[in-house]
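# What the coordinates show
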Amino acid sequence: MKKILIALLSVVALTGCSLTQPIPIKGEVMSCSGIKTISSSGTSLECLDGSQGVAVDAIAGPALINVWGTWCAPCRQELPHFVHYIAKENSVPVIGIAVEEKSKETVKKFVETHGMTWPILYDTHGSTRGKFGMGVPVTWFVDSSGKVVYKKYGPFKSVEEIELDVIKYLGAQ
């Protein structure tokens, strides 16, 4: 009996505290109007909601720029961590850039069904490939002056990893 109780408590402890559990948040295609910018002459990407686009070089932080694709397995793995991160109070804003997509409608549907609630820029013509490289996911940490202070290649494995990197590279909590 004691062994069964210990086993049951272990299972509850291991599964009950997981931060990667899906949360019942319906995604929403967000406006890009809230993205902080500085003056820049870079190429502007269109916003997924149809509002005025933003030049990637003009983004001022603190912010995380996450380059991803609906077709990308590692991007899908890190997505719940971003959803949980954004759901927390005082999180640093996340700005997504969807790349190599079949259509805007594919991205919109993905955003809505995967709990995404941050602005998404849409790279229609692959213009950011030279800037971010060919692999995704890539996350850039941008400070208040618009300077990229850290580049994370590959997926985040937890919300805590995002939070620790935000503290480490942007000094934000």
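Above: the structure in question.
Residues numbered from 1 in each chain as written. Predicted model: local features only at pLDDT ≥ 70, side-chain atom pairs only at ≥ 80, totals over all residues. Heavy atoms only, no water.

## So, the state of the cysteines
- Tallied over the entire structure, the rule returns two disulfides.
- A disulfide bridge connects Cys-32 with Cys-47, and the sulfur atoms are separated by 2.0 Å. Taking the torsion about the sulfur-sulfur bond, which here is approximately 80°, the covalent link between Cys-32 and Cys-47 counts as right-handed. Here the residue Cys-32 occupies a position in the loop between α1 (2-16) and β1 (44-47), and Cys-47 occupies one in strand β1, the gap between them amounting to 15 residues. You'll find Cys-32 and Cys-47 in the same group, each marked buried.
- The disulfide bridge from Cys-72 ends at Cys-75, spanning 2.4 Å between sulfur atoms. (Disulfide = S-S within 2.5 Å. Helix = DSSP H or I, 4+ residues; strand = E, 2+ residues; numbered from the N terminus. Buried < 20%, exposed > 50% of the residue type's maximum accessible area, 1.4 Å probe, protein only.)

## Things to note about the environment of His-114
- Here His-114 is to be found in the loop between α3 (104-113) and β5 (120-123).
- Look at His-114 and you get partly exposed, because its relative accessible area is 31%.
- As for His-114 and Arg-76, which are separated by 38 residues in sequence, their C-alpha atoms are 9.1 Å apart.

## Some remarks on the nonpolar core
- Of all hydrophobic cores here, the largest spans 46 residues; its most connected members are Leu-64, Tyr-85, Ile-97, Trp-118 and Ile-120.
- Elements that contribute at least two residues to this core include exactly β1, β3 (63-68), α2 (73-87), β4 (94-99), α3, β5, β6 (138-142) and α5 (159-170).
- Ranked by residues supplied to this core, first place goes to α2 with six residues.
- In contact with Ile-97, other than residues within four places in its own chain, are Leu-45, Val-56, Ile-65, Asn-66, Val-67, Trp-68, Leu-121, Asp-123 and Phe-132. (Core = buried A, V, L, I, M, F, W, Y, C linked by side-chain atoms within 4.5 Å. Contact = heavy atoms within 4.5 Å.)

## Observations regarding the sheet that holds strand β7 (residues 148-153)
- Reading across the sheet, the seven strands line up as β2-β1-β5-β4-β3-β6-β7 and stay open at both edges, with mixed pairing between neighbours. In this open sheet, the two edge strands, each paired with only one partner strand, are β2 (54-55) and β7.
- Both β3 and β4 contribute to a ladder of five bridges, which runs parallel. From the neighbouring strand, Trp-68 faces β4, where its bridge partner is Ala-98.
- Contacting β3, β4 and β6, α2 runs over the sheet at an angle of about 155° to β3.
- Most of the contacts of α5 go to β7, to which it runs at about 155°, and overall it touches β3, β6 and β7. (Pairing = 2+ DSSP bridges. Axes fitted to C-alpha atoms, helices over the stretch in contact; angles between N-to-C directions.)

## Focus: the pairing of β4
- Burial runs high along β4: six of the six residues are buried.
- Residues Val-94, Gly-96 and Ala-98 of β4 are buried on one face, and the alternating residues Ile-95, Ile-97 and Val-99, pointing to the opposite face, are buried as well.
- Once the chain exits β3 it traverses α2 before rejoining the sheet at β4, and the crossover so formed is right-handed.
- As paired elements, β4 and β5 share four bridges and run parallel to each other. Along β5, the bridge assignment pairs Val-99 with Asp-123. (Right-handed = clockwise from strand over helix to strand, strands pointing away.)

## Describing α3
- Considered for burial, the residues of α3 that qualify are Val-107, Phe-110 and Val-111. The arc enclosing the buried residues of α3, seen along the axis, measures out at 100°, which places them on a common side. Facing away from the buried side of α3 by over 90 degrees, the exposed positions are Glu-105, Lys-109 and Thr-113.
- If you follow the buried residues of α3, they end up packed against β3, α2, β4 and β5.
- Backbone geometry just downstream of α3 places Gly-115 in the positive-phi region, at approximately 75°. (Arc of directions from axis to C-beta.)

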